[in-house]
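Residues per chain are reported as follows:
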Amino acid sequence: VVYGIADFDRISNLRPQPHETFNVGYIGTVNFSKMHPDFVPMSAGINIPNVRFVVCGGVEPILQQQAERLRAAERFEFRGFVENIKPILETLDVFGYPLCKETYATSEKSLQEAMYAGVPPVVFPFGGVKHLVQHNQTGLVVHSHEEYQHAIEYLFHHPNERLRLGRNAQVYAQEQFDGEMLTKRLNLVYEELMQSPKRQRIWGDAANSAE
């Protein structure tokens, strides 16, 4: 597997910044073709004092409406599209990235960047995400609403474990998501293909190809 390459230069020299709230971040596509449909109610049900869910990536009014109906709007910050994510990552405690079961997620550059920044992720094992996070090593992989909530609560109550997972995620990202290493790996794939014998291929009905 050759992962899509993230641009780590834009978060180089990142330094965690002090903050008063416990910040759980989501950076990426903000609609239910990718995001878990219960993102807001799952998050709103997390029992952590002074928690903030920082959501970056477009505008989805239904999420704001859900938060308001649950009387949890003060817990969410919907920031829309954010070009410079470095200040966001510097103030996150956890990367809460629950995607839907039918997600088209593959290499997930935002997840790579969060791990590179040392922010421990909590994810579902859907799409390409299951190949990026190792449970209890570089993050927490959950399988239900309750597990998602308990995982984030656990990381709040166990800061040393949060630090351990974040450091592991950072080292793993530096080693496995390195652009130069991935480029060399991809070149090896092409070199192997070039050594394969040529084969004649016929696509469809040639007589009707103009139709």
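For the structure itself, look to the data block above.
Predicted model only: the values in this text are computed from it and were never measured. Along each chain, residues carry numbers from 1 onward, in the same order as the chain's sequence is written. Selection of residues for local features in this predicted model requires a pLDDT of at least 70, selection of side-chain atom pairs for listing and counting requires 80 or more, and totals for whole chains, interfaces and linings are taken over all residues. Side-chain calculation: all heavy atoms of the structure are included, whereas hydrogens and water are not.

Chemist: Honestly, the overall build of the protein in this entry has me stumped. Any pointers?
Modeler: Note on conventions: DSSP H or I runs of at least 4 residues are helices, E runs of at least 2 residues are strands, and numbering of each starts at the N terminus. When its secondary structure is counted, the protein shows 7 helices and 6 strands. Overall, the protein shows an N-to-C arrangement of helices and strands of β-α-β-α-β-α-β-α-β-β-α-α-α. With respect to the principal axes defined by its C-alpha atoms, the protein has extents near 65 × 40 × 30 Å. Under the scheme applied here, a residue whose accessible area is under 20% of the maximum for its type counts as buried, over 50% as exposed, and between as partly exposed, the area being computed with a 1.4 Å probe on protein chains only. A burial count over the protein gives 42% of its 211 residues as buried. Pairs of residues are marked as contacts when any of their non-hydrogen atoms sit within 4.5 Å. Within the protein, counting contacts between residues at least 6 apart in sequence, those at least 24 apart form 75% of the total. Only carbon and sulfur atoms are counted for the fraction: they give 50% of the accessible area of the protein, which is about 12000 Å². For the purpose of counting charges, residues Lys and Arg are taken to be positive, whereas Asp and Glu are taken to be negative. His and the chain ends are not included. Each charge is placed at NZ for Lys, CZ for Arg, CG for Asp and CD for Glu. The averaged location of the 25 negative side-chain charges in the protein is 2 Å from the averaged location of its 20 positive side-chain charges. All accessibility values rest on the Shrake-Rupley procedure with a 1.4 Å probe; residue burial counts only the protein chains present in the view.

Chemist: What exactly am I supposed to notice about the packing of helix 4 (residues 109-116) against helix 6 (residues 159-176) here?
Modeler: Helix packing for two helices is described by the angle between their axes and how far apart those axes are. Helix 6 packs onto helix 4 with a crossing angle of 120° between their chain directions and a minimal axis gap of 7 Å. Classified by the angle between their axes, helix 4 and helix 6 sit oblique to one another. Here Gln-112, Met-115 and Tyr-116 of helix 4 come into contact with helix 6, specifically with Gly-166, Ala-169, Gln-170, Tyr-172, Ala-173 and Gln-174. Looking at the contact of helix 4 with helix 6, its residues break down into 5 nonpolar, 4 polar and no charged. Here an axis means a line fitted to C-alpha atoms, over the contact stretch when the element is a helix, while the angle between two N-to-C directions is reported on a 0 to 180 degree scale. Orientation labels follow simple angle bins: below 35 degrees gives roughly parallel, above 145 gives roughly antiparallel, 65 to 115 gives roughly perpendicular, and whatever is left gives oblique. We call Asp, Glu, Lys and Arg charged. Ala, Val, Leu, Ile, Met, Phe, Trp, Tyr, Cys and Pro are nonpolar, and the rest, Gly among them, are polar.

Chemist: Sorry if this is basic, but what is going on with the nonpolar core here?
Modeler: Of all hydrophobic cores here, the largest spans 59 residues; its most connected members are Leu-89, Leu-111, Val-122 and Ile-152. Here this core takes 5 residues from strand 2 (residues 51-56), the largest share from any one element. Apart from residues no more than four positions distant in its own chain, Val-122 is found in contact with Val-94, Phe-95, Gly-96, Tyr-97, Pro-98, Leu-140, Val-142, Tyr-148, Ala-151, Ile-152 and Leu-155. Here, the term nonpolar core denotes a set of buried Ala, Val, Leu, Ile, Met, Phe, Trp, Tyr and Cys residues that are joined through side-chain atoms within 4.5 Å.

Chemist: Teacher, can you tell me more about the pairing of strand 1 (residues 22-27) here?
Modeler: For a regular strand, side chains alternate in direction, first toward one face of the sheet and then toward the other. Within strand 1, 6 of the 6 residues are buried, which leaves the element mostly enclosed by the surrounding structure. Going residue by residue along strand 1, you find Phe-22, Val-24 and Tyr-26 tucked away on one face and Asn-23, Gly-25 and Ile-27 tucked away on the opposite face as well. For two strands to count as paired, DSSP must find a minimum of two bridges between them. Sheet analysis places strand 1 next to strand 2, joined by 6 bridges and oriented parallel. When the sheet's bridge partners are listed, Ile-27 is paired in strand 2 with Cys-56. For a crossover, the right-handed case is the one in which the path from the first strand over the helix to the second runs clockwise, viewed with the strands pointing away from the viewer. Between the parallel pair strand 1 and strand 2, the chain is carried across by helix 1 (residues 39-44), and the sense of this crossover is right-handed.

Chemist: Teacher, can you tell me more about the pattern of salt bridges here?
Modeler: Any two side chains of opposite charge can pair, on the condition that their charged atoms come close. Throughout this description, the term salt bridge denotes a Lys or Arg side-chain nitrogen within 4 Å of a carboxyl oxygen of Asp or Glu. One pass over the full model with this rule turns up 4 salt bridges. We note a salt bridge from Glu-77 to Arg-79, for which the minimum N-O separation is 2.6 Å. Salt-bridge contacts for Glu-161 lead to Arg-164; the nearest nitrogen and oxygen are separated by 2.6 Å. Taken together, the positions of Glu-161 and Arg-164, both in helix 6 and 3 residues apart, correspond to about one turn of that helix.

Chemist: Explain the sheet that holds strand 4 (residues 94-97) here, please?
Modeler: Sheet strands pair via backbone hydrogen bonds, and the direction of the pair is either parallel or antiparallel. The 6 strands are arranged 3-2-1-4-5-6 in an open sheet whose pairing can be described as parallel. What marks the edges here is a single partner per strand, and that holds for strand 3 (76-80) and strand 6 (140-141). Pairing geometry for strand 1 and strand 4, over 2 bridges, is parallel. The residue of strand 4 that forms the bridge with Gly-25 is Phe-95.

Chemist: Looking at this structure, how should I read the environment of Val-30?
Modeler: As for its position among the elements, Val-30 is in the loop between strand 1 and helix 1. In this structure Val-30 comes out as buried when scored by relative accessible area, which is 6%. Along the backbone, Val-30 and Thr-106 are 76 residues apart, and their C-alpha atoms lie at a distance of 16 Å. Among residues more than four places away in sequence, those in contact with Val-30 are Met-35, Val-55, Cys-56, Gly-57, Glu-60 and Leu-63.

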